[in-house]
Amino acid sequence: MDMRSRLNAALKTAMKEKDSERLATLRLINAAIKDREIAARGEGEDVVVSDDDVLGILGKMVKQRQESAKAFEEGARLELAEKERAEITIIEEFLPRQLNADEVTKAVEDAIAETGADSIRDMGKVMGALKAKYTGQMDFGAAGPMVKAQLGC
């Protein structure tokens, strides 16, 4: 089952169960996907958002909510931080299992070997290879410094 079908099935289930928090989050996800489709249409392309694109959108949404939760905590708005964390939990249901630190290190080493990277100029190739294989499974913001370190920079 593709990501859109899974999301739509979860949306219908949330409607039937009258789970308003889950329903609101799933609607936000669908809106983000539709926004991506509309943006692509504006560029003259008539594309359906792929599963990889959906994973990218979900990863971005999780990151935004983590930043918001942190900001709310710093501002002593714990109820809003908790709401953001609840949304993260719902969004993460649709993401693949996150790689642990050892698996990320191994993935970075493999990507460097696979691309034949030997300097910082090859970092883009390595990150591209990682994104192609591990979209939604790792934090690329944390992987970037690991790539730099292994390339000797």
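Definitions and cut-offs
Residues numbered from 1 in each chain as written. Predicted model: local features only at pLDDT ≥ 70, side-chain atom pairs only at ≥ 80, totals over all residues. Heavy atoms only, no water. Helix = DSSP H or I, 4+ residues; strand = E, 2+ residues; numbered from the N terminus. Buried < 20%, exposed > 50% of the residue type's maximum accessible area, 1.4 Å probe, protein only. Contact = heavy atoms within 4.5 Å. Areas by Shrake-Rupley, 256 points an atom, 1.4 Å probe, with all protein chains shown as cover. Lys, Arg positive; Asp, Glu negative; His and termini not counted. Charge placed at Lys NZ, Arg CZ, Asp CG, Glu CD. Phe/Tyr/Trp six-rings, centres within 6.5 Å; stacked < 30°, edge-to-face > 60°. Lys NZ or Arg CZ within 6 Å of the ring centre and 35° of its normal. 1 Å grid on protein atoms, 1.4 Å probe; cavity = no way out; pocket = protein on both sides within 12 Å on 5 of 7 lines; lining within 4 Å. Points joined across faces, edges and corners; volume = space filled by probe spheres on them. Nonpolar A, V, L, I, M, F, W, Y, C, P; charged D, E, K, R; others polar. Arc of directions from axis to C-beta.

With that settled, consider the overall build of the chain. Each helix and strand in the chain was counted, giving 7 helices and 0 strands. Listing the helices and strands of the chain from first to last along the sequence gives α-α-α-α-α-α-α. For the chain, the spread of C-alpha atoms along the three principal axes comes to 55 × 45 × 30 Å. Within the span of the chain, comprising 153 residues, buried residues form 36% of the whole. Within the chain, residue pairs in contact and separated by at least 24 positions form 57% of the contacts whose partners lie at least 6 positions apart. For the chain, the exposed area adds up to about 9400 Å²; of that, 52% sits on carbon and sulfur atoms. Across the chain, the mean location of the 24 positive side-chain charges is 3 Å away from that of the 29 negative side-chain charges.

Our next topic: the environment of aspartate 110. Assignment of secondary structure puts aspartate 110 in helix H5 (residues 101-115). On a C-alpha basis, the gap between aspartate 110 and aspartate 19 in space is 43 Å, while along the polypeptide they are 91 residues apart.

A word on the packing of aromatic side chains. Scanning the entire structure with this criterion turns up 0 aromatic pairs. A cation over a ring is seen here: lysine 131 above phenylalanine 140, with NZ or CZ 5.7 Å from the ring centre.

Right, let's talk about empty space enclosed by the protein for a bit. Enumeration according to the criterion identifies 1 cavity of 30 Å³ or more in this entry. As a volume, the largest cavity reaches approximately 30 Å³. If you trace the largest cavity, you find it lined by Ala107, Asp110, Ala111, Glu114, Ala129, Leu130, Lys133 and Tyr134. If you list the elements that add at least two residues to the lining of the largest cavity, you get H5 and helix H6 (123-134). Taken together, the residues of the lining of the largest cavity break down into 5 nonpolar, no polar and 3 charged.

Turning our attention to the environment of arginine 27. Within the secondary structure layout, arginine 27 lies in helix H2 (residues 20-42). Separated by 19 residues in the primary sequence, arginine 27 and asparagine 8 have C-alpha atoms spaced 9.4 Å apart. What arginine 27 contacts, discounting residues up to four positions off in sequence, is Leu11 and Met15.

Another point: helix H7 (residues 140-150). Inspection of H7 places Phe140, Ala143, Gly144 and Val147 among the buried residues, and these make up the whole buried set. Each buried residue of H7 sits inside an arc of 110° when the element is viewed along its axis, so together they form one side. On its buried face, H7 sits against H5 and H6. Downstream of H7 by a residue or two, glycine 152 has a phi angle that is positive, lying close to 80°.

Even without being glycine, lysine 18 reaches a positive phi, approximately 55°. Counting through the fold element by element, lysine 18 comes out in the loop between helix H1 (3-17) and H2. Assessed through its relative accessible area of 71%, lysine 18 is described here as exposed. Even without a glycine there, the phi angle at alanine 76 is positive, about 60°. Relative to the helices and strands, alanine 76 resides in the loop between helix H3 (51-74) and helix H4 (78-92). Exposure remark for alanine 76: the relative accessible area of 61% places this residue in the exposed category.

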